[in-house]
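# Breakdown of the fold
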Amino acid sequence: MADTADVTAAVAALALAGKAQQFSEDEAKRIAALREMLPAALEAAAAEEPVGASLWGVDLLSGGGSGERDLRVDVVLAKFLRARNGDMEQALAMLIKTLQWRASFDIDGLMDEAFPEDVFGSVGFVFGRDKEGRPVTYNFYGGLDNKMVFGDLDRFLRWRVQLHERGMRSLDFVDVADMVQVHDYAGVGLLSYDGYARAASKATVQLMSDHYPETLATKFFVNVPGWGETIFNLIGRWLSEETKRKFVVASSSTAAAALAQRIDPDSLPDKFRPAAAAAAEPTKTVEEGPTRTDGDSAQSPPSPQPAHLAAAEELVPPTDAPAERAEPAEPCPDTITAAPAEDLPAAEPE
């Protein structure tokens, strides 16, 4: 564990931290210890292959020896610790693997890469923020040409990682340290999950679970057809309550109300804005017959309650690692839809 001075500094920092930087005393001690182990681990990793010390815009070695403590580093390290249930050595190993993967995948170069608009322009984008300031990413899976979108698997994965990275790089790791995702299944058919989508699902799930731990606060599955809700509800019986709280499954009739609870209508894409605006303001019924003068107001219909479902992440832990603490990640659609597994009920530990 870290020495007394580091522990004291870590605990004292809690009083100055932003909303995303609040940790228990035990967690603060583990973070301090992990920070102490990090420089040597990075040096050892770099001896085998080039590896950077920056992750999502945060320099993991910032403040080393300068007397200034960058509390954003604590938040990043906490994600890996939580994904490995507080085990510092496993968390460190996961972090090093992530930094090595980012170097080999050329994440920095990827952010300047262009992808064909006619293929991916309508598949997904980052747009607006939720009521807590979290960036929101959207994915649309209805009417896709699976071969065109997923057929070149390497290209799809680079596009998908770039999309997630754009959201991650808009976090400040002070007050906001995770994201919201909305996955729209309008127009998705039961039989449209083919080999191209299956391969994309499996690969995306693995990348997200291995290298983006604890990065999602909530995932909405909206416009889910009736058969999809049934599958979600069946899978939900085996998922933790913590995971269930982070997933919201909504049909076309409940989607607007579900989104309005978390995202202001003017922060939604046009497709969702009119319906969400209506859902945000209770609709009052007007009684037939003579005008009422007794002061009774009309009653608003009850808001639809979206089905809460959890994620696939808990079902398939990443290879060579213990099951991670579940978090909204990309659920895998082995049982549903045309989209990559990251977005359907099945399994991804993020």
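Now for a look at the structure at hand. (Residues numbered from 1 in each chain as written. Predicted model: local features only at pLDDT ≥ 70, side-chain atom pairs only at ≥ 80, totals over all residues. Heavy atoms only, no water.)

### Considerations on the overall build of the chain
Within the chain, the regular secondary structure consists of 13 helices and 8 strands. Here the chain holds 350 residues, and 53% of them are scored as buried. Considering only intrachain contacts with a sequence separation of at least 6, the fraction spanning at least 24 residues in the chain is 76%. Working note: accessible area of the chain is about 15,700 Å², and carbon and sulfur atoms make up 52% of it. (Helix = DSSP H or I, 4+ residues; strand = E, 2+ residues; numbered from the N terminus. Buried < 20%, exposed > 50% of the residue type's maximum accessible area, 1.4 Å probe, protein only. Contact = heavy atoms within 4.5 Å. Areas by Shrake-Rupley, 256 points an atom, 1.4 Å probe, with all protein chains shown as cover.)

### Remarks on helix α9 (residues 195-211)
Taking 1.5 Å as the rise per residue, α9 with 17 residues should run 24 Å; its terminal C-alpha atoms sit 24 Å apart, in good agreement. For α9, the set of buried residues is A197, A200, S201, A203, T204, V205, L207, M208, S209, D210 and H211. Tucked inside the fold, the buried residues of α9 contact α4 (88-105), α7 (146-150) and α8 (153-168). A distance of 3.2 Å separates the backbone nitrogen of Y196 from a side-chain oxygen at the start of α9, and that oxygen is part of D194. (Expected span 1.5 Å × (residues − 1). Polar contact = N/O pair within 3.5 Å; in protein donor to acceptor, adjacent residues only side chain to side chain.)

### A look at the side chain of T137
Here T137 is to be found in strand β4 (residues 135-140). In contact with T137, other than residues within four places in its own chain, are F125, V126, L163, M179, V180, Q181 and V182.

### Things to note about the packing of aromatic side chains
Inspection of every chain in the model, using the stated rule, returns 18 aromatic pairs. Between Y138 and F272, the ring centres sit 6.0 Å apart and the planes meet at 25°, which makes this aromatic pair stacked. Of this pair, Y138 sits in strand β4 while F272 sits in the loop between α12 (255-262) and α13 (273-280), and the two are 134 residues apart along the sequence. Y138 gets classed as buried once you look at its relative accessible area, which sits at 0%. A ring pair is formed by F156 and W159, whose centres lie 5.9 Å apart and whose planes are at 35°; its orientation type is tilted. Linking F156 with W159, this pair stays in helix α8, spanning 3 residues, or about one helical turn. With relative accessibility at 1%, the residue F156 sits in the buried group. A cation sits over an aromatic face here: R158 above F105, 4.9 Å from the ring centre. (Phe/Tyr/Trp six-rings, centres within 6.5 Å; stacked < 30°, edge-to-face > 60°. Lys NZ or Arg CZ within 6 Å of the ring centre and 35° of its normal.)

### Focus on the pattern of salt bridges
In this structure the tally under the stated criterion is 16 salt bridges. Between R35 and D74 there is a salt bridge; the shortest N-O distance is 2.5 Å. Of the two residues, R35 sits in helix α2 (residues 25-48) while D74 sits in helix α3 (residues 71-83), which places them 39 residues apart along the sequence. Accessibility classification places R35 together with D74 in one group, the buried group. R169 serves as the salt-bridge partner of E165, at 3.1 Å between the closest nitrogen and oxygen. Here the salt bridges share partners, and the residues they tie into one network are R102, D108, E165 and R169. (Salt bridge = Lys/Arg side-chain N within 4 Å of Asp/Glu carboxyl O.)

### A few points about unusual backbone geometry
Even without being glycine, W56 reaches a positive phi, approximately 55°. Along the chain, W56 falls in the loop between β1 (54-55) and β2 (58-59). Positive phi values are uncommon outside glycine, yet F173 reaches one of about 55°. Within the fold, F173 resides in the loop between α8 and β5 (179-184).

### Points about the packing of α2 against α4
Direction vectors running N to C along α2 and α4 enclose 40°, while the axes themselves pass 10 Å from each other. Classified by the angle their axes make, α2 and α4 are oblique. The crossing of α2 and α4 is right-handed. On the side of α2, the interface is formed by R30, A33, L34, M37, L38, A41, L42, A45 and E48, while α4 contributes M88, A91, L92, L95, I96, L99 and Q100. Of the residues that constitute the contact of α2 with α4, the class distribution is 13 nonpolar, 1 polar and 2 charged. (Axes fitted to C-alpha atoms, helices over the stretch in contact; angles between N-to-C directions. Parallel < 35°, antiparallel > 145°, perpendicular 65-115°, else oblique. Left-handed = near helix turned anticlockwise from the far one by under 90°. Nonpolar A, V, L, I, M, F, W, Y, C, P; charged D, E, K, R; others polar.)

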